[in-house]
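Residue-level structure breakdown
Here are the chains, one letter per residue:
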Amino acid sequence: MKVLKFGGSSVATPERIQAIADILKRYYANGEKFTVVFSAFGGITDLLLDMGKLAAKGDENYREKFSAFSSRHFEAAEALFHEDHLSEVMPVLEKNHEVLKNLLHGVFLVREASKRTMDYVLSFGERNSTFIIANYFRQEGLPTAYLDARKVIKTDKTFGAARVDMELTEKTIRQYYDAHPNEIHIVTGFIAADKGGLTTTLGRGGSDYSASLLASGLDAEAIEIWTDVDGVLTADPRKVSKAFTIPRMTYAEAMEMSHFGAKVIYPPTLMPALKKQIPLTIKNTFNPDFAGTLISDEADPGGHAVKGISSINEVALLTLSGGGLFGVPGIAGRLFTALAQGDINVILITQGSSEHAISFAIQPKLAAKAKKRVESAFEYEMKTGIVDPVRVEENLSVVAIIGENMRYRPGISGRLFQALGKNGINAIAIAQGSSELNVSVVINRNNESKALNALHETFFLSDTKELHLFMVGVGLIGSTLIKQIQDQAEFLRKTRSLELRIVGMTNTKTMHFNEIGIDLTNWKKKLKESETAADMRAFIQKMKAMNLPNSIFVDNTADESIAAFYEEILDASISISTPNKIATSSAYLQYQRLKTIAQKRGVQFLYETNVGAGLPVISTLNDLIISGDQITKIEGVLSGSLSFIFNSYKAGTSFSDIVKEAQKRGYTEPDPRVDLNGLDVRRKLIILARESGYPIEAKEVMIENILPVACQEAPTVESFFTTLEKADDHFETMRQKAENEGKVLRMIAKLDNGHASIGLEAVDSSHPFYGLSGSDNMIVFTTKRYEERPLVVRGPGAGAEVTAAGVFAEIIKIGNLLY
C-alpha cells in the first residue's frame, strides 16, 4: 500500500485534477494499491479564513467571499462531470454550502468565531475538494470512494492544531480499511475529529500529516507527497536561482530543512514515517516522471557533505549577559523556564565557553514579551548589577547548512565562514550541535539572499564561479570590454568554470539592471530602451540593494564624480576594477583610505590599467616589493599619445602635424595640451610612487613645460593648433640638435629615491627608450636585484582593446581571489 497526497496547487484547477487522474490511472494499471489524500483547492483555505474573520467583525463583505467560494466549487464540478454524474454531485455541494452559509451567518450575528468554530469553517475546503475529486475519479473508471478523515483520525480538543491520539487513530484506520478493502479511498487532508465527533484541524500544512498518519496506520510501504516543485531543493529557488533537487536525504536532514523554512515539508509529517521507517518521496504534479526526493533512514555516504542550505527570514536575537552568569548552576534552566511559561519558542541557542552570555533567537513579534519575562526572572541580579538588561537585536535572519555527512568532512565550517567573509557578511551568532547535522549563523536580514547564494556556490557549485559585474561607462573601453566578455564566455565556462554576468550597466543617459544577467547580444538596445534615467547615486543604491555575492564594480570612465563613490562601494564589500586614475592619484590620504577599506572589508581594489593600460606595470612593481626587492629608480614613457608623437617625429615632418595625427587617431584628449603638459603622465607617476611606498602629492611632481606660452594660453583647441604651427621651428631645433648627437626625444617620467619629475629628454641608442615605436609605453625598473640590467616592461600603453583586456584580466583575478 502506498499513500499519496496532493496539495492545493496540484488541485487548483479542473485541468490539474484531470492530470492527477491520469497519474493515478497509471498506478492502478500497474497493479499498485494506494490511497490518496487531498488538500482544499488552491487559495480556498485563505478564503475561508477571510470569511470567518469578516463575519466575526460584522462585516457583510464575507458574503461576497462566500459567493466566490460557492462559485469556485460549482464551476469546477461543471467542468469535470458529465450530466448524469453532475446531478449526483451538485446536491451534496449545495447542502454543504447551505450549512456553511448558515454557520457564517451565526458568526456574523454573535460577532465571534472561536477556534472550534473556525476549525469547522475550514473543514469545508477539504470536504468539498475531496468529494468532487473522488466522484470525478469514479466517473473516469477508478473504483474510488470518498473518505472523510474525521472518521479515522482522532485528536484531542486543541482546536487549530489538535494533538493526534496515535493509538486510537491507527486502530481506527486499520479497522476502516479492513472493512472496505476493494476501494481506493480518497481522503480529506488537514481535518480530524475528537472522540466526541467535533471537527478539529491538524494545523496549517496538516494534509501532509494526514497522509503520514494514514501510512503509519496502514504500515504502508511508501508515502508520496505531490506538490508543485521537483522535490526538496538545495535552497529556496525564490532566493537561489541555481537551486536543484536533492535526490535523497535522511529523515534527520529533512527535519532540519523543514525547521529552517523548507516549506515543501511540514515538520510533523515526518514523525509517523520516521517511527515506522516508511520512505517518503516528494514529487512534482506538473513533472510526474521526475524522480523527486526520497527521504528515508538510509544516509547517502557518497553524496554532498552539505545536503541543503536553508534560512529563517526574520528573527530577533536576545542576549542575557553579565559577570553574574559565570559558574552559576541553573542559569540556563531559569532562562528557558521563563520563556516556556510565556509560550515562547526558541529557534536557536548559543553560549560561549566563558559563560558570560547566552544568546537565543525567537520570532520578532515575541521579542518584547521575551525581554520582559527574562528580565522579570533575573530581576534581583539586574538590580544588583551582576546581570545586564536583556539586549534585543532585530532585522536578523538565520542561515543554516545541513547534512549528516558534514561530521565526516573536515573544513566545512571554515568554508562556510570564508564564503560569508569574502562577501562582507558578518556572523552575529553561531550555533552548531554536537551531531554536526547543521551549522547555523545569525546574520543581518538584508544579507540573507546574498548569504544563501554565496553558500550555495561554495558547497554545490564550487566547480562553477559566478561573478556579478556592475559596469559604469559603455563607451569605447566599456563596449570593447563587453565584446571581449561575450567572445570569451564559452571558453571561460569550459576551461576556468567561470561565468561573468553583467547585472547592471549605465551610460550618461540611462541605466539597466537584470539580476540574472543582461543579454550581451542586445545590451545596447536594452540600455537605450531603459526607462530608468542615469543617476550615479541611484545606481550605487540599486547595486547595494541587489546585494549579490561576488559583486564587482567596473568603472570604465575618467569621471571624478564616479571615483567619489569608491569609498562607499568598497565599504559595501564590493570589489572595484577600473582604469580611472582619479581616485588613486588624488590626495594621498584618500588613496590610503581606499586601500585600507578594501583590506578591511576583504575585497579587491584593482587599477592595473591606471598606468600602462594592459601592461603588467603595477603588478610587477608590487611583486618586486613583496618579494623583498628594493626600488632604486623608475623611469617610464607612460603616455601612449606622447610616445606616438615623439616616436613619429622625424626629419621631414612637422611637430604640429604629428600632434594633429595623434588627436585624429584618438590617442590624445580632445585638447592635446592635457597630454603635452604632462598632466596625465603625472597621475601615472604619482600612482607608481605611492605603490613604491612614497606618500607623494601632485604638487611634488616637477613637470617641464614643453609648450611655448602662446600655445598654453590659446583660448580654443583650434587656435592652439594655429599657434603650435608657428612653434614648429622651435621643436624642429630641439629635434635636430638631438639627431646631430645621435639621440631621440622622449617624454620621460622619473622616480628617483622619492623624487618625481617629468620632462623631455634626448636619449642615445644605449638607452631602452631609444628603440620605442608607435604608441608603445615602456617602464624601466632599476632595483637592488635589477641594477646592472634593469627590468623592462614594454608594450601598447593606450587603446581600447588593450585597456579593456587589462580590466578583463583584473576581473578574472578578482574572481580567483574570491574563490
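Preceding this section is the structure that the text describes.
Position numbers for residues count from 1 along each chain, tracking the sequence in the order it is written. The model is predicted, so local features are restricted to residues of pLDDT at least 70 and side-chain atom pairs to those at 80 or more, both for listing and for counting; the totals for chains, interfaces and linings are taken over all residues. Neither water nor hydrogens contribute to the side-chain values; these are computed over all heavy atoms in the structure.

1. A look at the sheet that holds strand E28 (residues 776–783)
In short, DSSP must find at least two bridges between two strands for them to pair. Strands are runs of DSSP state E lasting at least 2 residues, helices are runs of H or I lasting at least 4, and numbering of each runs from the N terminus. If you trace the 6 strands from one edge of the open sheet to the other, you get E25-E27-E26-E24-E28-E29, paired in mixed fashion. Strands at the two margins of the open sheet, each flanked by one partner only, are strand E25 (702–703) and strand E29 (791–796). As paired strands, E28 and E29 are joined by 6 bridges and run antiparallel to one another. Looking at E29, one finds that Asn 777 is bridged to Gly 795. Strands strand E24 (631–637), E28 and E29 of the sheet are contacted by helix H23 (residues 617–626), whose axis makes an angle of about 10° with E28. Seen against the sheet, helix H24 (residues 640–648) touches E24, strand E26 (744–752), strand E27 (755–763) and E28 and runs at an angle of roughly 145° to E26. In this description, contact between two residues means that some pair of their heavy atoms is separated by no more than 4.5 Å. Structural elements are reduced to axes, namely lines fitted to C-alpha atoms, with helices fitted over the stretch in contact, and the angle between N-to-C directions of any two is expressed from 0 to 180 degrees.

2. Things to note about the sheet that holds strand E16 (residues 429–432)
Reading across the sheet, the 6 strands line up as E13-E14-E12-E15-E17-E16 and stay open at both edges, with antiparallel pairing between neighbours. On the outer flanks of this sheet lie strand E13 (348–351) and E16, each paired with one strand and no other. Taking each pair of neighbouring strands and ignoring which way they run, the sheet shows an average axis angle of 30°. Set on the sheet, helix H8 (residues 251–259) makes contact with strand E12 (308–321), strand E15 (391–402) and strand E17 (438–444); between it and E12 the angle comes to about 65°.

3. A short note on the packing of aromatic side chains
Stacked, tilted and edge-to-face are the three classes applied to pairs of Phe, Tyr and Trp rings, where Trp contributes its six-membered ring and a pair requires centres within 6.5 Å; stacked means planes under 30 degrees apart, edge-to-face means over 60, and tilted covers the rest. Inspection of the entire model under this criterion finds 23 aromatic pairs. Both rings, one in Phe 131 and one in Tyr 146, keep their centres 5.7 Å apart while their planes meet at 90°; by these two values the pair is edge-to-face. Here Tyr 146 lies in strand E3 (residues 144–147) and Phe 131 lies in helix H5 (residues 115–139), a separation of 15 residues in the sequence. Three exposure classes are used, based on accessible area relative to the maximum for each residue type with a 1.4 Å probe and protein chains only: buried under 20%, partly exposed in between, and exposed over 50%. Given the relative accessible area of 27%, Tyr 146 is considered partly exposed. Through a chain of ring-to-ring contacts, the aromatic side chains of Phe 6, Phe 38, Phe 81, Tyr 136, Phe 137 and Trp 226 assemble into a single cluster.

4. Considerations on the pattern of salt bridges
The salt bridge definition used is simple: a Lys or Arg side-chain nitrogen within 4 Å of an Asp or Glu carboxyl oxygen. For the structure shown, the criterion picks out 48 salt bridges. One salt bridge in this structure joins Arg 501 and Glu 466, with 3.1 Å as the shortest N-O distance. Residue Arg 501 is found in strand E19 (residues 498–506), and its partner Glu 466 is found in strand E18 (residues 465–472); the two are separated by 35 residues along the sequence. Residue classification places Glu 466 among the buried positions, given a relative accessible area of 9%. One salt bridge in this structure joins Glu 490 and Arg 493, with 3.1 Å as the shortest N-O distance. Residue Glu 490 and its partner Arg 493 are located together in helix H15 (residues 476–496), separated by 3 residues, close to a single helical turn. Because the salt bridges share partners, they merge into one network encompassing Glu 170, Arg 174, Asp 219 and Lys 276.

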